[in-house]
2 protein chains.
Amino acid sequence: MPTRPVSRREVLKTATGAAAALSLGRTGSAQSPAPTAPQGATMVGVPFEKRAKVRFAIIGCGGRGTSLLHDILGVEGVEVKAVCDIVPGKVARAQAMVTKAGQPAPDGYLKGERHFEELCRRGDLDLVFVATPWRWHVPMAVAGMAGGSHVGVEVPAAVTLEECWQLVDASERTRRHCVILENCCYGWNELLVLNLVRAGLLGELTHAECGYIHDLRQVELFKTDGEGLWRRFEHIGRNGNLYPTHGLGPVARYLDIHRGDRFERLVSMSSPSLGLSAYRDRALAADDPRRSETYACGDVNTSLLRTARGRTVVLQHDVVSPRPYTRINMVSGTKGTFADYPPRIFFDGQKEEEWVEVRQKEGRLPGGIEERYEDPLWKRLAKPAEESGHGGMDYVMVWRLVECLREGLPPDMDVYDAAAWSAPAALSEQSVAGGNVPVEFPDFTRGRWSGRRA
Amino acid sequence: MPTRPVSRREVLKTATGAAAALSLGRTGSAQSPAPTAPQGATMVGVPFEKRAKVRFAIIGCGGRGTSLLHDILGVEGVEVKAVCDIVPGKVARAQAMVTKAGQPAPDGYLKGERHFEELCRRGDLDLVFVATPWRWHVPMAVAGMAGGSHVGVEVPAAVTLEECWQLVDASERTRRHCVILENCCYGWNELLVLNLVRAGLLGELTHAECGYIHDLRQVELFKTDGEGLWRRFEHIGRNGNLYPTHGLGPVARYLDIHRGDRFERLVSMSSPSLGLSAYRDRALAADDPRRSETYACGDVNTSLLRTARGRTVVLQHDVVSPRPYTRINMVSGTKGTFADYPPRIFFDGQKEEEWVEVRQKEGRLPGGIEERYEDPLWKRLAKPAEESGHGGMDYVMVWRLVECLREGLPPDMDVYDAAAWSAPAALSEQSVAGGNVPVEFPDFTRGRWSGRRA
């Protein structure tokens, strides 16, 4: 089976964090559903309606939601109208953040798991952020759009392929945007590379590599709060590339995915599953119920994606091996190659066969390339970004999204991007379960991927 | 077609280097031949006969052959009896090298392309090296074994799967070893990592990555001598991972391939073919006949291998993109990860989430790991190796092979390794041509892969 759902019994076997998984009652599935019939016109290139103020709400005020709220409070023109969480103390904390920032206290929604539906029905919200456990993203995003709000959804936007289509359908039907909150697209390096690529400095692109290599064993997966309450369960029931968007989002932008190209095929391979059980056996007490868990997810998943124009992408996932963090973030073309961790570049014909390091504010590249191609967003926002999460990319992301809303621009990423960047999780499960067979990548744009956009 | 042979007409279209390809008249094929019926007992674990002197010959005295000859002249107990090349001047140069080293002049074989057969029939040779263009490796190795010599074959040992089986059959039938001259297995880093792995310092292995990323456009592929005479043609007729062994050999040793595990499946994807034509259009005169060549081989090939024990390997090939050299050389397990370029290691539980650089003679790792796990070959040979090619690995390789012959040990690598490390080229062509389908990896050992060896 591509995705073995977390069974009720398995969840009950463990001591912690069963609540969300149990009550949600959703199960993954990597069956590849046929494209749905469109229920509205395309959302490709559709601009936001221009507005002076953005009336904002956030669903999920845990670690991630709080961080996003902090960032949005630093952006001009945003009124925080409502906050929602199932934990009353987290709602109160979020409300206090808002009043401390000089705004009126937002309404709190804290009456159980379905109270978000009431928030979504308010009718006075321009933008709702969803920062909850993965399995809640789609029902909340769909409710937000149905209530008339544009939504920003944390990553992955969806878990299953059905969910990817649900987002597409809802966005087209409601004429609301569903924007994936892929902060890594707004990193200083990622935007620099995007500008280099668009200026043609790497030539014609052939290949990219990316991934999410982040040892989460101690910091997330076995914690007894936060993501520790639910994220480990994904490793029990699924074997694939569970968390693709941090790596794939920026690379999809380099490759003009849905703006001249699209992902067409994926093939995937997973290593044995050893890391979590080895860690657990070493770190937990002998009578800890988590010691009886069995993890399906291979430690290292490597997926290969092929685009319509034949370009290739290596996409990796490893959150359980002892390795330093990397999203890889590499792209190669006929005139040069960029690779990250550390950020470095090589241009064809350069004298020494050596990488040249790329550094923000310490331009070493010939012709002052760092300065010339630094993104205007960073030129403008470097200072406030400094106080924000993840090296500033979070602030740049939310600032830019609010700008698009206020200026009446189309969003940088639309629902088709949200679906295509999230889909490799389910597609890789399918490929792995089928013996590393190639699987066709759905065209979420329904044929509208080849046009260039401004 | 998986491997489009270089046609006579295509070869004639070009100005240079047609001789070897034309006269050889061999074509690649990625049809997966069934295992042949064994014509002799296994060569797994078979020791060389002990001998005081090693009577040696080399076929191919070009750049690579000359370098190998230089190294072997620096090893005690070797008598160079014969040298062979189709270019008389290269034979003379090789003979002069031998006399200059204080040995009698070896016999020269220079009467055309088939004179090597006479060399192989001499009957007084213990070891014959083959350092010729790829398509000649197998006929020469088979002739060497048929003549009673053990053979050392340059990489890749074979081009097609049929050729892989020809090597296996010949070795089993003649009871002679066929050793792949995979120098990268003897690099200081690679041997250190092998020793760390064998000592269990990386825990149970899950995943490895390797490749051959080497911009050969100017230095090899478009030269008008040496490899420029034939190597570019492989890119005209084939699309896959053309040169797998430099990356895969060391990784196969880390993973105990044929000593407890084996490669079982391969799936492969190639990027578009842009690099060679872009370079050619820029670098060659408008009337150069090479400008009419068409290259089938994708710039970047990424292949995924799965072992019987479920471990995964990423194997890449790119010799046409503007990028600095790397063989990647990465291996990960439950207790740590090593990665190369630059060489660095991370052990589980270490305080900082940062790689620690690994440096020969500058041990920085805790507990003096570099010194403790430096290979005994390097402890012994560091000095003579310094004057040898490729950072010393060539000298260590030939010294070690001669030691095995003189001491009556089994070789470090046998014909099954030669076949399995070379086979990904043909297998990847098959997978790419079939739309990135998984292909089964032949078991060249005929079932004898699971036993540990001393």
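It should be emphasised that the depicted structure is a prediction, and the values quoted were computed from it without experimental measurement. Residue positions are given per chain, counted from 1 along the sequence in the order it is written. In the order they appear in the text, chains get letters beginning with A and ligands get numbers beginning with 1. Note on the predicted model: pLDDT of at least 70 is required for a residue's local features to be given, and 80 or more for side-chain atom pairs to be given and counted; whole-chain, interface and lining totals, by contrast, use all residues. To obtain the side-chain values, all non-hydrogen atoms of the structure were used and water was disregarded.

Let's talk about the confidence of the model for chain A
Residues and elements named next belong to chain A. The condition is simple: Scored from 0 to 100, pLDDT records how confident the predictor is in each individual residue. Here a residue-residue contact requires only that any non-hydrogen atoms of the pair lie within 4.5 Å.
Of all residues in chain A, 92% have pLDDT values of 70 or greater, and the mean over the chain is 92. Note on residues 1-31: pLDDT under 50 across the span, and 62 contacts to partners over four residues away in sequence or across chains. Note on the complex model: pTM 0.93, ipTM 0.92.

Observations regarding the interface of chain A and chain B
For an interface, size is often stated in terms of accessible area lost upon the parts coming together. Rule in force here: What counts as buried area is the accessible surface, traced by a 1.4 Å probe, that two parts surrender upon association, with contributions from both included. One side-chain nitrogen of Lys or Arg within 4 Å of one carboxyl oxygen of Asp or Glu is enough to make a salt bridge.
Every contact between the two is made by 49 residues of chain A and, on the other side, 49 residues of chain B. Here chain A packs against chain B, burying approximately 3800 Å² in sum over the two surfaces, 63% of which is carbon and sulfur. Interface area lost by chain A to chain B is led by Met269, Pro322 and Pro324 of chain A, which between them contribute 17%. Run the count over chain A and chain B and you get four salt bridges. For the salt bridge of arginine 217 of chain B with aspartate 348 of chain A, the shortest nitrogen-to-oxygen distance reads 2.6 Å.

What about the sheet that holds strand E5 (residues 150-153) of chain A?
Residue and element names in this part refer to chain A. Basically, it comes down to this: Two strands pair under a simple rule: DSSP has to find at least two bridges between them. Secondary structure elements are defined from DSSP: runs of H or I of at least 4 residues count as helices, runs of E of at least 2 residues count as strands, and each element is numbered from the N terminus. Interaxial angles span 0 to 180 degrees and are taken between N-to-C directions of axes, which are lines fitted to C-alpha atoms, for helices over the stretch in contact.
Read from one edge to the other, the open sheet built from six strands follows the order E3-E2-E1-E4-E5-E6, with strand pairing classed as parallel. Unpaired on one side and paired on the other, strand E3 (107-109) and strand E6 (178-180) mark the two borders of the sheet. Within this sheet the neighbouring strands show an average axis-to-axis angle of 25°, counted without direction. Alignment of E5 against E6, held across three bridges, turns out to be parallel. Paired with glycine 152 across the bridge in E6 is valine 179. Together, strand E2 (78-84) and E3 form the strand contacts of helix H4 (residues 88-100), whose direction differs from that of E2 by roughly 170°.

A closer look at the side chain of arginine 400 of chain B
All names here are of chain B. Quick reminder of the rule: Any residue under 20% of the maximum accessible area for its type is buried, any over 50% is exposed, and the rest in between are partly exposed; the area is computed with a 1.4 Å probe on protein chains only.
With respect to the helices and strands, the residue arginine 400 is situated in helix H15 (residues 393-407). Judged by relative accessible area, which is 17%, arginine 400 ranks as buried. If we ignore the near neighbours within four places in the chain, the residues touching arginine 400 are Tyr186, Leu377, Leu409 and Asp412.

Quick notes on helix H4 (residues 88-100) of chain B
All names here are of chain B. Put simply, the test is: Multiplying 1.5 Å by the residue count of a helix minus one yields the expected span of that helix. Comment: arc refers to directions from the helix axis out to C-beta atoms.
The first and last C-alpha atoms of H4 sit 18 Å apart over 13 residues, in line with the 18 Å expected at 1.5 Å per residue. Within H4, the full set of buried residues consists of Val91, Ala94, Met97 and Val98. Down the axis of H4, the sector holding all buried residues measures 120°, keeping them to one side. Tucked into the core, H4 has its buried residues touching helix H3 (63-73), strand E2 (78-84) and strand E3 (107-109). In the segment just after H4, glycine 102 is the residue with positive phi, at about 95°.

A short note on the packing of helix H11 (residues 245-254) of chain B against helix H16 (residues 415-422) of chain B
All names here are of chain B. Short version of the rule: Oblique is the label for any angle not under 35 degrees, not over 145, and not in the 65 to 115 range, which are roughly parallel, roughly antiparallel and roughly perpendicular in turn. For any helix crossing, the convention is left-handed if the near helix is rotated counterclockwise from the far helix by under a right angle, and right-handed if that rotation is clockwise. Note on residue classes: Ala, Val, Leu, Ile, Met, Phe, Trp, Tyr, Cys and Pro are nonpolar, Asp, Glu, Lys and Arg are charged, and everything else, Gly too, is polar.
Relative to each other, H11 and H16 sit at 125°, their axes nearing to 9 Å. By the angle between their axes, H11 is oblique relative to H16. The interaxial crossing formed by H11 with H16 has right-handed handedness. Together, Thr245, Leu248, Gly249, Ala252 and Arg253 of H11 and Ala420, Trp421 and Ser422 of H16 make up the contact between the two elements. In the contact of H11 with H16, the residues fall into four nonpolar, three polar and one charged.

A look at the pattern of salt bridges
This model, assessed by the stated rule, comprises 68 salt bridges over all chains. Put simply, lysine 223 of chain A and aspartate 225 of chain A hold a salt bridge, and the shortest N to O gap is 3.7 Å. According to the relative accessible area criterion, lysine 223 of chain A is partly exposed, its value standing at 29%. Of the charged contacts, one joins aspartate 107 of chain B and arginine 122 of chain B as a salt bridge, the two residues approaching to 2.6 Å between their closest N and O atoms. With aspartate 107 of chain B in strand E3 and arginine 122 of chain B in the loop between helix H5 (115-121) and strand E4 (127-130), this pair connects stretches of sequence that are 15 residues apart. Three or more residues are tied together by salt bridges with common partners; here these are Glu49, Arg51, Arg55, Asp126 and Arg176 of chain A.

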